[in-house]
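Listed below are the residues making up each chain.
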Amino acid sequence: MNNIVMLTCYDAITATLLADCGIDILLVGDSVGNVKLGYKNTLPVTMDDMIRHTQAVARGNIGKIKIATDMPYKSFEDNADLAVENAKKLIRAGADYVKIEGGKEIIDSIKAIIGAGIKIIGHLGLMPQSIEKMGGYKIQCRDEESRKKLLEDALLLEEAGVSMIVLEGIPEDAAKTVTEKLKIPTIGIGAGRYCGGQVLVSDDMLGLFESFKPKFVKRYANLAGIIKQAAKQYSKEVKEGIFPEEENVYK
């Protein structure tokens, strides 16, 4: 699969809207914590959160697009058996893949999940579940040592049997090197033009955030402005007695 198109999705109505839009994979990301639940990062997101949002996306997925779901913080790192059980829960909720952040340090959990017949999407580079160790949302792999580890981890994940790898927040040339070395696809988010596909947070792509726009984001719409204007017009019409009109009432 070349030029893979991945987009985050957290609810049924969005999944329905995306049915015929050329999206290959809907990602139920733990970014739901930032985007929908009001957390400052992804760390508070729970398995129950991910199960609930996966179920919602699966119910609205009339286009039968493949669904990938993030395994949240502390659902897989420390215990391979627990990782398998949690991965099974997400598959039962409607996911086709689970996505896991990390490389060598979590390889036992990755092998156990794949051994249970579950497909995995890896995630390397900037890993939001590790931002406390990384010192915040900073571009990764700027030095030779970290680039070497990135490639080693990517090759290790490929050898273990992951289906593809998301590369986040790294220089374009580092992503290009990894992509050229792997037989499996890479999917970039803030990783430049040479990955095998791209992923964006849907709320970023749709222009629902006005206060902050990462460099790697392209806004394809300005829904924040449209929503505000519609809400203001509704408020005005209610206060002035214009709404509801004749066509909006039952007889």
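Here, every reference points to the structure presented above.
Residues numbered from 1 in each chain as written. Predicted model: local features only at pLDDT ≥ 70, side-chain atom pairs only at ≥ 80, totals over all residues. Heavy atoms only, no water.

**Q** Describe the state of the cysteines, naming the residues involved and giving the relevant values.
**A** Scanning the entire structure with this criterion turns up 0 disulfides. The structure places no disulfide on Cys9, whose sulfur is separated from the nearest cysteine sulfur, that of Cys21, by 11 Å. (Disulfide = S-S within 2.5 Å.)

**Q** Provide a residue-level description of the environment of Gly161, including the pertinent values.
**A** With respect to the secondary-structure elements, Gly161 resides in the loop between α7 (144-160) and β6 (164-168). With relative accessibility at 38%, the residue Gly161 sits in the partly exposed group. When the C-alpha positions of Gly161 and Ile184 are compared, they lie 9.3 Å apart, and in sequence the two are 23 residues distant. (Helix = DSSP H or I, 4+ residues; strand = E, 2+ residues; numbered from the N terminus. Buried < 20%, exposed > 50% of the residue type's maximum accessible area, 1.4 Å probe, protein only.)

**Q** Could you give me a rundown of the environment of Phe243, with the residues and numbers involved?
**A** Among the secondary structure elements, Phe243 is positioned in the segment after α10 (223-239). You can call Phe243 partly exposed: its relative accessible area is 35%. Beyond its immediate stretch of four places on either side in the chain, Phe243 contacts Tyr234, Glu237, Val238 and Asn248. (Contact = heavy atoms within 4.5 Å.)

**Q** Which residues make up the pairing of strand β5 (residues 119-125), and what values do they have?
**A** Buried residues dominate β5, accounting for 6 of its 7 residues. As judged from the 5 bridges shared by strand β4 (residues 97-101) and β5, these two strands associate in the parallel manner. The partner of Val98 across the bridge, within β5, is Ile120. Strand direction decides the pairing type here: β5 and β6, joined by 5 bridges, are parallel. Opposite Gly125, over in β6, you have Glu168 as the bridge partner. (Pairing = 2+ DSSP bridges.)

By themselves, these figures tell us nothing about what the structure is for.
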